[in-house]
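Each chain, written out:
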Amino acid sequence: MTESIWKAKASNAKAISLSEDIEVEVAIVGGGITGITTAYLLAEEGIQVAVLESMDVGGGTTAGSTGNLYTMVDNRLHHIQSKFNDKTARKVAESRTTAINLIEDLIKKYAIDCSFKRQPWVLYSETGEEETIKTTKDTLEKFGLEVQDITSTSLPFNIKSGIRVENQAQFNPAAFVAGLAQKVDQNYCSIYENSPVHHIEKGSLHVLHTPTAKVRAKKVVLATHSPKGIYGLQMAIFPHREYALAARLRSGDYPEGIFWSAESKTHPSLRTYETEEGKFLITVGYHHKVGQADENKDYFGDLEKNLKRHYDVDTVAYKWSAQHYKSSDGLPYIGESTDDNIFVATGFSTDGLTYGVVSALIFRDLFTGKENNWAEIYKAKRFTPLKSAKSFIKENLNVLGEYLKDYPGNADAEMFSEVKAGEGKIVEIKNEKWAVHRSDDGTLCAASAVCTHMECIVNWNNEEKTWDCPCHGSRFKPTGEVIEGPAFSPLDKRSINPEK
Ligand code: FES
């Protein structure tokens, strides 16, 4: 079973489902850190808001994240500096520091029980990588952070070089979001769980349809990572999945801090999380594009093996994975994507907890007519062909390749009997591709394998037992219902003739 430690240790936000039609000024789709912080800030300004979460508040990508809060960014600040300029990199650092401070203030104000702790961020190298370490240090110092050179860490192995930045932070993100949801001013904000939006009818007053009722709103915030529906922006954000596990140690010290390796492709990040049940060592890494996992790889197994290189692991108590979207120019897209009063917040890469709160601050200012210092660098309508071209071309050729795989005969199996218990396979039936799953008790179910977003063929994700779309990252349950991503509708059900 995959469940994140954050979700397991967080209490419930105690929200109800939408049961009657309502009208608000702002409807927010998605109850993760972006949606709930935006709702909190807008309600504070006296704006009527409703949040529609398809499952449980804070239980999606927020609960699948690392729980780390830091000013620096996944693709490194010096890359933003060289791609854009000093001013942009400075604003990224400033906005992210402000977001972390806001999280800390809210936790203190409401005594939210989410294990928030200021911690150092450490970048180290076991093999050298002096150039990467030095460039990272110079850039961070330039943008106001205090950086220390280090030659050792609390990790149980030697390093060749490294740096340490104090005053970054860690917390349980799911507990923070559930706690904040309970403090939102209920005079101005209603939060609904288990209320998936199936369709948005655009107009001067947008109408959001859920299975049970409708919400009318002047403005809509799609706090769903990739915006729900079809947007040109989806050609500029690229979905990835990354794996995590939380282990108990038999012996040895749990390291204090956020540890990134300069050799990050092969060395996952590390951190410790302490609960009333004791400490856990958390490791996160080995990402791949959604729906394009290497079939020969066991991602969780590899994470465990890597941890065991240096630690005396007793048990792996939790394992989970989560989705992130990399943007083509390295900055998130936050704001109105076209002139329709529909706002997006996406392309956060693995830095989403902090960028989610940056988005909330930007939305608050945009909706109250205040000036915001960072809105321009992140604006969703920006056009940056020179900065985006390389990854834009590479990633969209990859998507094109996935569409081309839909040729006749390119299926995993021809017979239902080839689908074993617990497996999912693409079976071709009269030139149509079906996504066929056999549950552990032997029951077969089938749906069209054509993704309901833009008709790519989904692939089976054996680690998580889901159907994942390799084009823009929609994910579906084995039985076809939407889990996440831009698709609104489930895979089309097919009825099975077990003789086939
Ligand atoms: Fe776009 Fe599947 S997510 S086609």
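Residues numbered from 1 in each chain as written. Predicted model: local features only at pLDDT ≥ 70, side-chain atom pairs only at ≥ 80, totals over all residues. Heavy atoms only, no water.

Labelled according to an unreviewed UniProt entry, the chain appears under the name FAD-dependent oxidoreductase, originating from Autumnicola lenta.

**Q** Any chance you could explain the sheet that holds strand β22 (residues 466-468) here in plain terms?
**A** Strands belonging to one sheet form pairs held by backbone hydrogen bonds; the direction of such a pair is parallel or antiparallel. Strands sit in the order β21-β22-β23-β24 across an open sheet of four strands; the sheet is antiparallel. Edge positions in the sheet fall to β21 (459-461) and β24 (482-484), since each of these pairs with one other strand and no more. Relative to β24, strand β23 (residues 475-476) runs antiparallel, the two sharing two bridges. Looking at the pairing, arginine 475 lines up with glutamate 484 of β24. (Pairing = 2+ DSSP bridges. Helix = DSSP H or I, 4+ residues; strand = E, 2+ residues; numbered from the N terminus.)

**Q** What's the story with the pairing of strand β11 (residues 237-251) in this structure? I'm lost.
**A** Consecutive side chains along a regular strand alternate between the two faces of the sheet. In terms of residue burial, β11 counts as a mostly covered element, since twelve of its 15 residues are buried. Pairing of β11 with strand β15 (residues 312-327), which is carried by 14 bridges, proceeds in the antiparallel orientation. Looking across to β15, one finds that glutamate 242 is bridged to alanine 322. (Buried < 20%, exposed > 50% of the residue type's maximum accessible area, 1.4 Å probe, protein only.)

**Q** Please clarify how the sheet that holds strand β25 (residues 493-494) should be interpreted in this entry.
**A** Judged by pairing direction, the sheet is antiparallel, and its four strands sit side by side in the order β18-β19-β20-β25 without closing on themselves. Each having just a single partner strand, β18 (424-429) and β25 make up the two edges of the open sheet. Strand direction decides the pairing type here: strand β20 (residues 444-448) and β25, joined by two bridges, are antiparallel. Paired with alanine 447 across the strands is lysine 493, a residue of β25.

**Q** What am I meant to see in the pattern of salt bridges here?
**A** Note that side chains of opposite charge can pair when their charged atoms are close. A full pass over the atoms with the stated rule returns 31 salt bridges. In this structure, the salt-bridge partner of glutamate 277 is lysine 9, at a minimum N-O distance of 2.4 Å. One end of the pair, glutamate 277, is in the loop between β13 (269-275) and β14 (278-289); the other, lysine 9, is in helix α1 (residues 5-9), and 268 residues separate them in sequence. Where glutamate 428 meets lysine 433, a salt bridge forms, and the shortest distance between an N and an O atom there is 3.2 Å. Per residue, the accessibility class of glutamate 428 equals that of lysine 433, and both read buried. Residues joined in a network through salt bridges with shared partners are Arg241, Glu464, Asp468, Arg475 and Glu484. (Salt bridge = Lys/Arg side-chain N within 4 Å of Asp/Glu carboxyl O.)

**Q** Quick question: what am I supposed to make of the packing of helix α2 (residues 33-44) against helix α6 (residues 173-181) here?
**A** In helix packing, the relevant descriptors are the interaxial angle and the interaxial distance, both defined with respect to the helix axes. It is the contact of α2 with α6, at a shortest axis distance of 10 Å, that shows an interaxial angle of 30°. By the angle class used here, α2 and α6 are roughly parallel. Like other packed secondary-structure pairs, α2 and α6 cross with a definite hand, here left-handed. For the pair formed by α2 and α6, the contact residues are Ile33, Ile36, Thr37 and Tyr40 on the first element and Phe176, Val177, Leu180 and Ala181 on the second. Here the residues of the contact of α2 with α6 are counted per class, giving seven nonpolar, one polar and no charged. (Axes fitted to C-alpha atoms, helices over the stretch in contact; angles between N-to-C directions. Parallel < 35°, antiparallel > 145°, perpendicular 65-115°, else oblique. Left-handed = near helix turned anticlockwise from the far one by under 90°. Contact = heavy atoms within 4.5 Å. Nonpolar A, V, L, I, M, F, W, Y, C, P; charged D, E, K, R; others polar.)

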